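# Breakdown of the fold
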Amino acid sequence: MSKMNFNGKKETAEKNECQNNEEATNLQQEQENAAEECAQTDNVTEELDELKKKYNELNDSHLRLMAEFDNYRKRTLREKADLIKNGGEAALKNLLPVVDDFERALQNIRNSDDVEAVKEGVELIYSKFMAYLAQQGVKAIEAVGQPFDTEMFEAVATIPAPELGMKGKILDCVQTGYTLNDRVLRHAKVVVGE
C-alpha cells in the first residue's frame, strides 16, 4: 500500500503540476488574448476617431457647399431680375436717334410749306427705323399672293377670288405681320380669296 500511496501521491502531484501548468498556460493565453483584445480595442478606437474626423470634415464641406449654392442661387435670381428689368435698355437706347429725327421732322412740318421735303424727311426716318428693326432680327412678313397659313397669318375677311388661281391665297394685307428671328412676333391680318 505504501507503494501505491507513494505512486498515488506522485500521480496526484503530477496531476496537480499538469493542472498548474495548464492553468498557467490558460492564464498566459488569457493574458495574450486580453492584450490582443486591448490592441484591437485601441485599433477600433483609433479607427472610430479617424471616421469621426472624416465625418466632421465631410459634414463641414457639405454645409459650406450648401451655403455657396444658396448664395449662387440668390445671385442668379437677382441677376435675372435685373436683366428682365433693364434688358430692353440697349434696344431703347438705339431707338432714341429715331425719336430725335421724328422731333426734328415735327418741327419742320410746322415751319415748312414744302410738302415734298417733309415727305422725303419722313420717308428717311421710316427707312432708318426699318433698318434698325432689321438689325434686331425683326422682318416684315410678305403676305400678298402667298398661300394662307394659320401659323403666319390671321384672316380678317374672305372675298371671292378674282381668278381661279388666287383661291386660298392672300389678296390683301390689312396689317403687316412681323417675325423676330424666324418666330412670329405679330400675325399679319389678311384678306383671303375663296
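Residues numbered from 1 in each chain as written. Predicted model: local features only at pLDDT ≥ 70, side-chain atom pairs only at ≥ 80, totals over all residues. Heavy atoms only, no water.

Going by an unreviewed UniProt entry, the chain carries the name Protein GrpE and comes from Parabacteroides goldsteinii dnLKV18. Check the Subcellular location (unreviewed entry) section of the UniProt entry for the chain; it says "Cytoplasm". Looking at the Subunit (unreviewed entry) heading of the UniProt record, one finds this comment for the chain: "Homodimer." (UniProt positions renumbered as here; feature names shortened; annotations may be inferred.)

### Digging into the side chain of Thr179
Following the sequence through the fold, Thr179 ends up in strand β4 (residues 178–180). Residue classification places Thr179 among the buried residues on the basis of a relative accessible area of 10%. When near neighbours in sequence (up to four residues on either side) are disregarded, Thr179 contacts Gly137, Val138, Lys139, Ile141, Met152, Val184 and Leu185. (Helix = DSSP H or I, 4+ residues; strand = E, 2+ residues; numbered from the N terminus. Buried < 20%, exposed > 50% of the residue type's maximum accessible area, 1.4 Å probe, protein only. Contact = heavy atoms within 4.5 Å.)

### Details of the pattern of salt bridges
Applying the stated criterion across every chain, the model contains five salt bridges. Across the pair Asp60 and Arg64 runs a salt bridge whose closest N-O atoms are separated by 3.1 Å. Taken together, the positions of Asp60 and Arg64, both in helix α1 (residues 2–86) and four residues apart, correspond to about one turn of that helix. Here the residues in one salt-bridge network are Asp70, Arg73 and Lys74, joined through shared partners. (Salt bridge = Lys/Arg side-chain N within 4 Å of Asp/Glu carboxyl O.)

### Examining the environment of Ile141
Looking at the secondary structure, you find Ile141 in the loop between β1 (138–140) and β2 (153–159). Its relative accessible area of 9% is what places Ile141 among the buried residues. A sequence separation of 45 residues divides Ile141 from Arg186, and the C-alpha atoms of the two residues are 9.2 Å apart. For Ile141, the contacting residues outside a window of four places in its chain are Met152, Phe153, Gly177, Tyr178, Thr179 and Arg186.

### Examining the layout of surface pockets
Its boundaries defined by the atoms lining it, the largest pocket holds a volume of some 170 Å³. At the level of secondary structure, the elements contributing two or more residues to the lining of the largest pocket comprise α2 (89–111) and α3 (115–135). Considered class by class, the residues forming the lining of the largest pocket number six nonpolar, three polar and two charged. (1 Å grid on protein atoms, 1.4 Å probe; cavity = no way out; pocket = protein on both sides within 12 Å on 5 of 7 lines; lining within 4 Å. Points joined across faces, edges and corners; volume = space filled by probe spheres on them. Nonpolar A, V, L, I, M, F, W, Y, C, P; charged D, E, K, R; others polar.)

### A short note on the sheet that holds strand β6 (residues 188–193)
In spatial order, the strands read β2-β6-β3; together these three strands make up an open sheet with mixed pairing. Every other strand in the sheet has two partners, leaving β2 and β3 (170–175) as the edge strands with one partner each. Ignoring strand direction, the axes of neighbouring strands in this sheet form an average angle of 30°. Here four bridges tie β3 to β6, and the two strands are oriented antiparallel to one another. (Pairing = 2+ DSSP bridges. Axes fitted to C-alpha atoms, helices over the stretch in contact; angles between N-to-C directions.)

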